[in-house]
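Summary of structural features
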Amino acid sequence: MSVEESLAGLGHLVNGKVVRGAGTFDVVNPATGQVAAACPDASPGLLDEAVAAARAALPAWKATPEAERRETIRKLGAAVIERYAEIEELAGLEKGVEMAAIELYMAQVYADHAADTEIPVDVIEDTDDRLVRVVRKPVGVVAAITPWNAPYLIAAEKVFSSLAIGNTVVLKPSPFTPLGTLKMGEIWKDLLPPGVLNIVAGGDDIGKAMVSHPGTNLVSFTGSVAAGKKIASSAGRLMKNVVLELGGNDAAIVLPDVDVPLVAQKLFSSAFLMSGQTCAAIKRVYVHRSVYDDMVENLAGYARLMTPGPEADGAHIGPLVTRPQYERVTELVRDALAGGASAVAGGAAAGGDGFFFPPTILTGAGAGVRVVDEEQFGPVLPVIGFDDVEDAIAQANATPYGLCGSVWTSDIAHGQELAARLECGTAWVNSHTEVAPDIPFGGVKDSGIGRSGGRAGIDACADLQTQIIYKGTDRVRSAPA
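Residues numbered from 1 in each chain as written. Predicted model: local features only at pLDDT ≥ 70, side-chain atom pairs only at ≥ 80, totals over all residues. Heavy atoms only, no water.

**Section: the nonpolar core**
Spelled out, the test is: What makes a nonpolar core is a set of buried Ala, Val, Leu, Ile, Met, Phe, Trp, Tyr and Cys residues whose side-chain atoms join them at distances within 4.5 Å. Burial here depends on accessible area, computed with a 1.4 Å probe over protein chains only, as a share of the maximum for the residue type. Under 20% is buried, over 50% is exposed, and the range in between is partly exposed. Numbering of helices and strands runs from the N terminus; a helix is a DSSP stretch of H or I covering at least four residues, while a strand is a stretch of E covering at least two.
In this structure, Phe160, Leu163, Leu179 and Trp188 are the most contacted members of the largest nonpolar core, which totals 50 residues. If you tally residues by element for this core, the top one is helix 6 (residues 151–165), at eight residues. Ranked by size, the runner-up nonpolar core spans 29 residues in total, among them Phe355, Ala392, Ile393 and Leu422.

**Side note on the sheet that holds strand 12 (residues 251–254)**
To keep things clear, this is the line we draw: A pair of strands is labelled paired if DSSP reports no fewer than 2 bridges between them. To define axes, lines are fitted to C-alpha atoms, for helices over the stretch in contact only, and angles between the resulting N-to-C directions are given on a 0 to 180 degree scale.
Pairing in this open sheet of seven strands is mixed, and the strands run 14-15-16-13-12-17-18 from one edge to the other. In the strand order of this sheet, the two ends are held by strand 14 (342–345) and strand 18 (426–429), each with one partner. Along the sheet, successive strands turn relative to each other by an average axial angle of 25°, direction set aside. Both strand 15 (residues 360–363) and strand 16 (residues 380–386) contribute to a ladder of three bridges, which runs parallel.

**A few points about the packing of helix 3 (residues 66–82) against helix 6**
So the rule is basically this: Relative orientations are named as follows: roughly parallel for angles under 35 degrees, roughly antiparallel for angles over 145 degrees, roughly perpendicular for angles from 65 to 115 degrees, and oblique for any other angle. Crossing handedness follows the turn of the near helix against the far one: under a right angle anticlockwise gives a left-handed crossing, and clockwise gives a right-handed one. Only heavy atoms enter the contact rule, under which two residues are in contact if any of them lie within 4.5 Å. Residues are grouped as follows: Ala, Val, Leu, Ile, Met, Phe, Trp, Tyr, Cys and Pro are nonpolar; Asp, Glu, Lys and Arg are charged; every other residue, Gly included, is polar.
The contact between helix 3 and helix 6 brings their axes to 9 Å, and the two run at 160°. Considering their axes alone, helix 3 and helix 6 lie roughly antiparallel with respect to each other. In the crossing of helix 3 with helix 6, the sense of the turn from one axis to the other is right-handed. Contacts between helix 3 and helix 6 involve Arg69, Ile73, Leu76 and Gly77 from the first element and Phe160, Leu163, Ala164 and Ile165 from the second. Considering only residue class, the contact of helix 3 with helix 6 consists of six nonpolar, one polar and one charged.

**Focus: a negative patch on the surface**
To keep things clear, this is the line we draw: In this scheme, patches are assembled from residues that exceed 30% relative accessible area and form no salt bridge. Like charges are connected within 9 Å, while nonpolar side chains (Val, Leu, Ile, Met, Phe, Trp, Tyr) are connected within 5 Å. Residue-level accessible areas treat just the shown protein chains as cover; the underlying method is Shrake-Rupley with a 1.4 Å probe. Take a side-chain nitrogen of Lys or Arg and a carboxyl oxygen of Asp or Glu: if they are within 4 Å of each other, that pair is a salt bridge. Asp and Glu count as negative and Lys and Arg as positive, but His and the ends of the chain are not part of the count. Throughout, a charge is located at the NZ atom of Lys, the CZ atom of Arg, the CG atom of Asp or the CD atom of Glu.
Together, Glu4, Glu5, Glu89, Glu98 and Glu311 make up a negatively charged patch on the protein surface. With respect to the secondary-structure elements, Glu5 resides in helix 1 (residues 3–9).

**Observations concerning the packing of helix 4 (residues 84–94) against helix 7 (residues 179–188)**
Any two packed helices are characterised by the angle at which their axes cross and by the distance between the axes. Helix 7 packs onto helix 4 with a crossing angle of 160° between their chain directions and a minimal axis gap of 8 Å. Here helix 4 lies roughly antiparallel to helix 7, going by the angle between them. As helix 4 packs across helix 7, the resulting crossing turns out to be right-handed. On helix 7, the residues touching Glu86, Ile87, Leu90, Leu93 and Glu94 of helix 4 are Leu179, Gly180, Lys183, Met184 and Ile187. Counted by class, the contact of helix 4 with helix 7 contains six nonpolar, one polar and three charged residues.

**Some remarks on the packing of aromatic side chains**
Condition: The criterion for an aromatic pair is that two Phe, Tyr or Trp rings (for Trp, the six-membered ring) have centres within 6.5 Å, with stacked assigned to planes under 30 degrees apart, edge-to-face to planes over 60 apart and tilted to the rest.
Summed over the entire model, instances satisfying the criterion amount to six aromatic pairs. Among the aromatic residues, ring-to-ring pairing joins Phe268, Phe272 and Tyr302 into one connected group.

**Topic: helix 9 (residues 225–237)**
Stated precisely, the cut-off is as follows: How far a helix is expected to stretch is found by multiplying one less than its residue total by 1.5 Å.
Taking 1.5 Å of rise per residue, the 13 residues of helix 9 would be expected to cover 18 Å, and the 18 Å separating its terminal C-alpha atoms lies within 8% of that figure. Regarding helix 9, the residues found buried are Val225, Gly228, Ile231, Ser234 and Ala235. In this fold, the buried residues of helix 9 make contact with helix 8 (204–212), strand 10 (218–222) and strand 11 (241–245). Note on helix 9: the residue one or two positions beyond its end, Met239, has a positive phi of about 60°.

**Remarks on helix 10 (residues 260–271)**
In plain terms, the rule: Each C-beta atom gives one direction from the helix axis, and the arc is the one those directions make.
When the terminal C-alpha atoms of helix 10 are compared, their 16 Å separation across 12 residues agrees well with the 16 Å that a helix rising 1.5 Å per residue should span. Buried residues of helix 10: Val260, Val263, Ala264, Leu267, Phe268, Ser270 and Ala271, and no others. One face of helix 10 carries all of its buried residues, which in axial projection span an arc of 160°. On the buried face of helix 10, the contacting elements are strand 12, strand 13 (284–288), helix 11 (289–304), strand 16 and strand 17 (404–408).

These values are about where atoms sit, not about what they do.
Shown next, in the form of structure tokens:
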């Protein structure tokens, strides 16, 4: 199928059918800065239809045997791999790089994990007298809202986690990257009963309507802190469950006993994965003064090897996905340089039509500089020296964010002790940016509420019910006359 045919056939998935509606909005290719496609734009009425379809499908789906639901999810994962090339082509339009395959292979891993995992039952007491247990029940209709940086993987994770419990879903992708997600809906359409999964594309108004809609029961959102706080406030007034993953300003602390070239390569890979547009990427690194200069030079050496530009030109780093993010990264670097920081690699936008920014290594920036204090979410890494590890820990924790952090050292016991003191949802020793379906992932402080992955991720998509069953009829008493 050609790209043109894919675009012509795209539509919202509502009650088992692909529908386009009358309105459209533009999707820009960040590699060119030009409009690449017109995406169907959901109306409030179409959203109402999607929520109504999800509610109508809920009783039968949650009554479907758990094993059958899990095998359906396995088929969803396999289906996007079988047709990943169609999504890959659309990814090239809306992300500027053909990286859908990476996301979709990870999505299949998440699907297989969900298919292999039984919903747990916690038995608290099981005696001759009584049984006390905690079971996981469906919440209802999940409003799932995904970001633009990893739209296909995050959509798949939210869908699989929700469906496994017995929930139904209304999913909305980011308006910056809706095309591949709508294609996923087309691929999945005939693998699920109508209404179990609905996908609508649109702007922030549709997202707000999903959150406040009386027919949705849980909001699962990945995105900015500002948007997450608004969602939490709105959902809280309506007593809805929320799962919020709101990004972070991850710190890495490098102790003096490391193998500098080896650690530099790993730090660089984390910080510049997907052009730095990863919530769990290293955003700032604190390096002991004794190895600081060597670390900076190694990081800068990697950065100088990478050329920003279109894939067709043999570039090694892709564009920032949105114009606002490109402008923000440009502004943060310019602010740092004006304040006395130095760029030992990169430092200025690449120029041209696309949203390209070169890998940038900054020195001379510390606390109080925006690129250090804020989540830049781009190909920029400030490197900050320290003499006392206590100071490094204090600086790492001096942020409203709390998603991830890491400690790098040859002394594993010391690293473990330091990592435990980081105020974040995931703390690594000698690693960073590692996620898996069986490992809980999420943040503390402004980085969010709830978890995806593992037992905690199952609980986030479920209502917990405590069941107390007395086994003897001698405890049954007649009501008084």
